[in-house]
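# Notes for the structure review
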Number of protein chains: 2
Amino acid sequence: MENENIGQHSSSCSQESSEQKHCWVCFGTDEDEYETNRDWVSPCKCRGSTRWVHQSCVQRWVDEKLKENLSIKAHCPQCHTQYIIVYDEVNCLVRILNKLDKTANQLCPFLAAGVVVSTLYWSAASYGAITMMQVMGEREAITMMENTDSYMLLLVLPSIPLSLILCKTINWEETLLLFVQRYTSHIPLLRTIMPSFLCEPINSSANTVQFNSVVNPTTTLCAALLLPTTATVVGNLLFNNSSYSYLQKTILGGLVYITVKGVFRIYQRQHNVIKEKTRKVIDYPETDSEESN
Amino acid sequence: MENENIGQHSSSCSQESSEQKHCWVCFGTDEDEYETNRDWVSPCKCRGSTRWVHQSCVQRWVDEKLKENLSIKAHCPQCHTQYIIVYDEVNCLVRILNKLDKTANQLCPFLAAGVVVSTLYWSAASYGAITMMQVMGEREAITMMENTDSYMLLLVLPSIPLSLILCKTINWEETLLLFVQRYTSHIPLLRTIMPSFLCEPINSSANTVQFNSVVNPTTTLCAALLLPTTATVVGNLLFNNSSYSYLQKTILGGLVYITVKGVFRIYQRQHNVIKEKTRKVIDYPETDSEESN
């Protein structure tokens, strides 16, 4: 590339000095009368007609480039040489202030990420504390938190919503369904009481699609965060008059809720598998005009 | 479209009944010997060679389509008629469970949005409470919060970080700089002490670019949220031995910090404007090989 330019240069060298300058931005020449006080510059490796440009014209061009993207450097559109741009020196105070600005702009994304993480952490810890009060009863929870090491609390409280969400992502119902489907056919008693589970899915890909469609992230999040509340409500409804403690009632309520929900869900899924197997594409109905033919 | 099909249909009608069926998926015909127990279906408006397809073949095709996107319906690739797909009826319980699932999946995005908003709200309120304690002193802040209506607190506390961020987005330094630039030339005293402000930017677009580059959202967020801490530190450093109250010290510290920072920033910007005006694109240095030519 460079060698080509040099070749061009050497061949047209003798003419060049006598040739008039052309600005490749405004097409003005150095002989134009109104072109007073305009500096010429040859900012790149181009030779020939694109060699010369007015200082003010190339500055306007650089302005346009910087307007698009401040972080890129300005290049010659022809030979892609990066322009060498110089400034007068600024005083020491301005240099320090500029450097401080740059450092702040580099640090702030990390600080902002820290703000986001703290926000999440603080909300998770608050949810953990509220959940403990809900599950154990307010007085017991406060007593327990006061007796626990505060560093331990800072670790345990945010882990409560986190572990709820993680547990919710485990698809135990799916595994149990596959297990039930496999063993129903082997055990005569099960074959009698659960005939629908004899039906195993033929097309596994279609089933995977169908099951995955049920799980979406917002549903998982909501179900996980609402579980303690549901457990408390169920526990209090079912074991209201028993001598169990608040925590025991909630745990029992939670177990009952999860079990009942799991059974219903497995039942529903198996029946949807069966429904899927009865799928049939039917003939398109003949229209009246066709029938008359 | 339909009329065309009917036209085709009527012209080939007499042949069609005698013609053998071709499946457009597997290219099998109804005369193939190994084609036992395969139902034929004509699921769309197509006539002629693409009219017939095996039930199992079209089902495989529908599976492929549903794998790509569960929410779309399956259509004929030729005439784009939507296939009519029927299932055996499921029992009432499964229907209710399916409907519950669908409702839950529709509600959960809104619930999840609620969770996000509550997280933000709770963090903002906590930041507000911490800031009040930092700015007023812990004891005074708690006394004040206890004496305030709790609904009022729920409104005021989250508005503290919000108003800090909103105030930070107001670019008062920019406005003041333009004001100073305009009036320096008119007042002789100012012209003597601030000669650099006599220089007004020529190219306003380039300046806008340069100024905007300094402001980025994470910097605004961090600067806004750190302002109370900075104000407290500056206030305590400067007015440590004075008789001012904690709140007065913080306010004075904040004012001093904002003023000093504003003056420095205006100074820096004006000098950067001057620096920008000295910008010059220089000649590309001739390489050795060129000079030897």
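Everything numeric here is computed off the predicted structure, so don't read it as measured data. (Residues numbered from 1 in each chain as written. Chains lettered and ligands numbered in written order. Predicted model: local features only at pLDDT ≥ 70, side-chain atom pairs only at ≥ 80, totals over all residues. Heavy atoms only, no water.)

### With respect to the pattern of salt bridges
Formally: Note on definitions: salt bridges are taken to be side-chain nitrogens of Lys or Arg within 4 Å of carboxyl oxygens of Asp or Glu. By the criteria applied, helices consist of DSSP H or I runs no shorter than four residues and strands consist of E runs no shorter than two, each listed in order from the N terminus. Relative accessibility thresholds used throughout: buried, under 20% of the residue-type maximum; exposed, over 50%; partly exposed, between the two (1.4 Å probe, protein chains only).
Evaluation of the coordinates by the stated rule reveals 10 salt bridges over all chains. With a shortest N-O distance of 2.7 Å, Asp63 of chain A and Arg279 of chain B are connected by a salt bridge. Placement of the pair is Asp63 of chain A in helix 3 (residues 55-68) and Arg279 of chain B in the loop between helix 11 (246-277) and strand 4 (280-282), with the two residues belonging to separate chains. Residues Asp101 of chain B and Arg265 of chain A are paired through a salt bridge, measuring 2.7 Å at the closest nitrogen-oxygen approach. One end of the pair, Asp101 of chain B, is in helix 4 (residues 92-136); the other, Arg265 of chain A, is in helix 11 (residues 246-277), on a second chain. The buried category is assigned to Asp101 of chain B, whose relative accessible area is 15%.

### Points about the side chain of Arg47 of chain A
This is how it is decided: Identification of polar contacts relies on pairs of N or O atoms within 3.5 Å, with a donor-acceptor requirement for protein atoms, meaning one able to donate a hydrogen and the other able to accept it, and with residues adjacent in sequence counted only if both atoms are side-chain atoms.
Note on placement: Arg47 of chain A falls in the loop between strand 1 (40-41) and strand 2 (53-54). There is a polar contact of 3.5 Å between the side chain of Arg47 of chain A and the backbone oxygen of Cys44 of chain A.

### Structural notes on the confidence of the model for chain A
Residues and elements named next belong to chain A. Let me state the cut-off plainly: Along the chain, pLDDT gives the predictor's confidence residue by residue, from 0 to 100. Any pair of residues with heavy atoms lying within 4.5 Å of one another is described as a contacting pair.
Mean pLDDT for chain A: 80, with 80% of residues reaching 70 or above. In the model, residues 1-17 has pLDDT below 50 throughout and makes 16 contacts with residues more than four positions away in sequence or in other chains. Counting interchain partners and residues more than four positions distant, the pLDDT-below-50 stretch residues 201-213 has 20 contacts.

### Structural notes on the UniProt feature "transmembrane region" (unreviewed entry) in chain A
Put simply, the rule is: UniProt positions are given in the numbering used here, feature names are shortened, and annotations may be inferred rather than shown by experiment.
According to UniProt, the "transmembrane region" (unreviewed entry) feature falls on residues 110-130, 151-172 and 246-267 of chain A. The span residues 246-267 of chain A carries 100% helix and 0% strand; its end-to-end C-alpha distance comes to 32 Å.

### Examining the relation of the copies chain A and chain B
Selection criterion: Least squares is the method used to superpose the copies, on C-alpha atoms of residues holding a pLDDT of at least 70 in both.
When chain A is brought onto chain B, the operation consists of a screw motion whose angular component is 180° and whose axial shift is 0.0 Å, with 0.2 Å RMSD remaining. With respect to symmetry, the two chain copies, as superposed, fit the operation of a two-fold axis. Looking at the rotation axis and the C-alpha trace of chain A, the residue lying nearest is Ser123 of chain A, at 3.3 Å. When you check the interface residues of chain A against chain B, 100% turn up at the interface there too, and the contact is symmetric in its surfaces.

### Focus on a nonpolar patch on the surface
Convention followed: Distance thresholds for patches are 9 Å for like charges and 5 Å for nonpolar side chains (Val, Leu, Ile, Met, Phe, Trp, Tyr), applied to residues having over 30% relative accessible area and no salt bridge. Computed by Shrake-Rupley with a 1.4 Å probe, the accessible areas treat only the displayed protein chains as cover when residues are assessed.
A cluster of nonpolar side chains, namely Tyr121, Trp122, Tyr151 and Leu154 of chain A together with Tyr121, Trp122, Tyr151 and Leu154 of chain B, defines an oily patch on the protein surface of about 940 Å² accessible area. Listing elements by their share of the nonpolar patch, those giving two or more residues are helix 4 (92-136) and helix 6 (150-169) of chain A together with helix 4 and helix 6 (150-169) of chain B. Tracing the backbone shows Trp122 of chain B in helix 4.

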